[in-house]
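Summary of the model geometry
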Amino acid sequence: MQVSMNINGEPVTADIEARKLLVHFIREDAGLRGTHWGCDTSNCGTCTVWVDGEAVKSCTVLAAQADGHEVRTVEGLEGADGLDPVQQGFIECHGLQCGFCTPGMLMTARWFLDRNPSPTKDEIREAISGQICRCTGYKNIVDAIHWAAEHPRTNEVTA
Amino acid sequence: MKPQSFDYFRAASVEEAISLLVQEGEDSKVLAGGQSLLPMMNFRLARPTALIDVAHIDALRGISMTPSDIRIGSMTRHLELENSTVSGPMGSLLRQSAGRVGHLPIRTRGTIGGSLAHSDPSSEWCMLATLMDAEVSIEGPRGLRKVAAHDFFVTYFTTAMEFDELLIAVEFPQLPGNYRVAVQEFARRAGDFAIVGIMTAFSVDDGVIADPRIAVGGVADRVLRLSEAESALVGKEPTEENFSKAATIAMGEVNPAGDLHGPPEFRRDLVKALTRRALAGASA
Ligand SMILES: Cc1cc2nc3c(=O)[nH]c(=O)nc-3n(C[C@H](O)[C@H](O)[C@H](O)COP(=O)(O)OP(=O)(O)OC[C@H]3O[C@@H](n4cnc5c(N)ncnc54)[C@H](O)[C@@H]3O)c2cc1C
Ligand code: FES
Ligand code: FES
């Protein structure tokens, strides 16, 4: 079936099988490999992207369900004036080791901060409870998101 | 893994969804938020031959209110309910229930109707529907019917719906301001299904308890009401002592199986502790 969606503002159209997951559409058809794929079951969170401005796990969304919708991936996080503060925060606070979980962490964090601009560290932990990291022990990730909250972004990323 | 091949249809209306279900037959499935169905398909535990996507049907979304009821369209997402502004004790129960379903990026997609149709015995929406004996509206080729929660949930992952029927909406009664409500759960990690969950609602009139309700999830093939503990509270004062007594009775009413989370006694202890906490902590 033919599926079209906007990914990071660019139209992407492809002829795919109905069973293709959005994460595979993003990686294989749009060629955007920043979004990772871990568990297939909505558990690990590394595949998190935005659909119509809402953070979703793209391994449990069919590409067909996203037909006609707006998708934003980690490649679309950087604004005209440089890295998004959550990206900068991960650099400042050493928020990653292997980096496998990072795209999902970044997409969930930005989405969360847009709704709760000055969260407590406990609220940050609850917000990323659907994201699994096997390396860091989470402390630096929480610090990185907290850093981003203290450095609001100046440019708008639109869904 | 990837799901087995299937045909995908996006229904624009309830009528179209029902005729697609009839056309595609028993091996087809309704697709809502996909947060239970797609993980099962990715593992090939479910192998439908056709999916009828109903998430784009506007008539199935949203919350509407009458003086006596709160009606929620089946495709209303968990996050919309978590952020809803419905007033009174029922509004509080809706928000507390929604906020405990999975993780944030699951609550953006998953729906109340999908949860009810999935009929997991520890699901928050199944607990709330059982607690309030909510009415579920179902439509199929034979027309529209309303089923009360105690007849709707049959057993694990099984409801009173036929394959060609669509869950349209669920209706909860409004609760007056003299009701106290609470949700208590135990899970190993934030966002996991509760190992045991308790919901309660009761009114306090002239210093005594009326209409006490206690629902428990995670101890049987569907959510149960704890009728003996409920009866023990009728006409009693809302004191710690009476709540503790009811919690002890509650523990004796359940007969859970052991599993990887722990032996049956572990769940029974949880029923007692969570029931006591729910009753004592209940507020408008
Ligand atoms: C990691 C993880 C943690 C979770 N934790 C919890 C939790 O703590 N508590 C909880 O309650 N849930 C939890 N869930 C499940 C989640 O709540 C799902 O959103 C919900 O169970 C199903 O809703 P859905 O809209 O995604 O339905 P889908 O997955 O699309 O559908 C589920 C089932 O219902 C049927 N169906 C859906 N809509 C209709 C309809 N309108 N008419 C007829 N049949 C229909 C489908 O055919 C399918 O069989 C979790 C899920 C994951 C992946
Ligand atoms: S790959 Fe999507 S949640 Fe793990
Ligand atoms: S940095 Fe390796 S999984 Fe998080």
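Keep in mind that this is a model prediction, so the values were computed, not measured.

Residue and element names in this part refer to chain B. Read from one edge of the open sheet, five strands run 4-5-10-6-7, paired in antiparallel fashion. The sheet terminates laterally at strand 4 (63–65) and strand 7 (143–148), the two strands that pair on one side only. This sheet shows a mean twist of 20° between the axes of neighbouring strands, independent of strand direction. In terms of strand pairing, strand 4 meets strand 5 (residues 69–73) through three bridges, oriented antiparallel. Note that in strand 5 the partner of Met65 across the bridge is Ile70. Here helix 1 (residues 14–24) sits on the sheet in contact with strand 6 (135–140) and strand 10 (166–173), set at roughly 130° to strand 10.

Residue and element names in this part refer to chain A. Between helix 2 (residues 85–92) and helix 5 (residues 139–150), the shortest axis-to-axis distance is 8 Å and the interhelical angle comes to 130°. Judged by the angle between their axes, helix 2 and helix 5 are oblique. Our pair here, helix 2 against helix 5, has a crossing hand that is right-handed. For the pair formed by helix 2 and helix 5, the contact residues are Pro85, Val86, Gly89, Phe90 and Glu92 on the first element and Ala144, Ile145, Trp147 and Ala148 on the second. Across the contact of helix 2 with helix 5, the residue classes break down as seven nonpolar, one polar and one charged.

Below, the discussion takes up the domain arrangement of chain B. All names here are of chain B. Domain boundaries assigned for chain B yield domain 1 (7–52), domain 2 (60–173) and domain 3 (179–281). On a C-alpha basis, the centres of domain 1 and domain 2 stand 19 Å from each other. Listed per partner, the contact involves twelve residues of domain 1 and 17 residues of domain 2. Take the side of domain 1 that touches domain 2: its biggest share by element is five residues, from helix 1. Of the residues that constitute the side of domain 1 that touches domain 2, the class distribution is seven nonpolar, four polar and one charged.

Moving on, we get to the confidence of the model for chain B. The predicted structure's coordinates, where accompanied by low pLDDT, should not be read in detail. For chain B, per-residue confidence averages 97 on the pLDDT scale, and residues scoring 70 or more make up 100% of the total. We note a pTM of 0.96 for the whole complex and an ipTM of 0.93 for its interfaces.

Across the boundary between the two partners, chain A contributes 24 residues, which contact 22 residues of chain B. Of all the elements in the fold, those that place two or more residues in the side of chain A that touches chain B are strand 4 (54–57), helix 3 (102–115) and helix 4 (121–127) of chain A. Here the side of chain A that touches chain B gets four residues from one element, more than from any other, and that element is strand 4 of chain A. By residue class, the composition of the side of chain A that touches chain B is nine nonpolar, nine polar and six charged.

Residues and elements named next belong to chain B. Residues Ser28 and Val30 line one face of strand 2 (residues 28–31) and the alternating positions Lys29 and Leu31 line the opposite face, and both faces are buried. Note that strand 2 and strand 3 (residues 50–53) share four bridges and pair parallel. When the bridges of strand 3 are listed, Leu31 appears paired with Asp53. Running through helix 2 (residues 37–42), the crossover from strand 2 to the neighbouring parallel element strand 3 is right-handed.

All names here are of chain B. Pairing in this open sheet of three strands is parallel, and the strands run 1-3-2 from one edge to the other. Each edge of the open sheet is held by one strand with a lone partner, namely strand 1 (7–10) and strand 2. With direction set aside, neighbouring strand axes in the sheet form an average angle of 20°. Sheet topology note: the strand 1/strand 3 ladder contains four bridges and is parallel.

All names here are of chain A. One can read the domain layout of chain A as domain 1 (2–76) and domain 2 (85–150). Distance from the C-alpha centre of domain 1 to the C-alpha centre of domain 2: 21 Å. Listed by partner, the interface residues are twelve residues for domain 1 and eleven residues for domain 2. Considering only residue class, the side of domain 1 that touches domain 2 consists of six nonpolar, six polar and no charged.

Glancing now at the site of ligand 1. Around ligand 1, 33 residues are found, and the nearest of them are Gly33(B), Gln35(B), Gly102(B), Gly110(B) and Gly114(B). The residues that come close to ligand 1 belong to more than one chain, namely chains A and B. Looking at the shell around ligand 1, the elements with two or more residues in it are strand 2, helix 2, helix 6 (112–118), helix 7 (124–132) and strand 10 of chain B. If one sorts the elements of the shell around ligand 1 by residue count, helix 6 of chain B sits on top with five residues. Its residues assigned to classes, the shell around ligand 1 comprises 14 nonpolar, 17 polar and two charged.

Calculation notes
- Residues numbered from 1 in each chain as written.
- Chains lettered and ligands numbered in written order.
- Predicted model: local features only at pLDDT ≥ 70, side-chain atom pairs only at ≥ 80, totals over all residues.
- Pairing = 2+ DSSP bridges.
- Helix = DSSP H or I, 4+ residues; strand = E, 2+ residues; numbered from the N terminus.
- Axes fitted to C-alpha atoms, helices over the stretch in contact; angles between N-to-C directions.
- Contact = placed C-beta atoms within 7 Å.
- Parallel < 35°, antiparallel > 145°, perpendicular 65-115°, else oblique.
- Left-handed = near helix turned anticlockwise from the far one by under 90°.
- Nonpolar A, V, L, I, M, F, W, Y, C, P; charged D, E, K, R; others polar.
- Domains from an automatic or database assignment.
- pLDDT = per-residue confidence, 0-100.
- Buried ≥ 20, exposed ≤ 12 C-beta atoms within 10 Å, placed from the backbone.
- Right-handed = clockwise from strand over helix to strand, strands pointing away.
- Near = placed C-beta within 6 Å.

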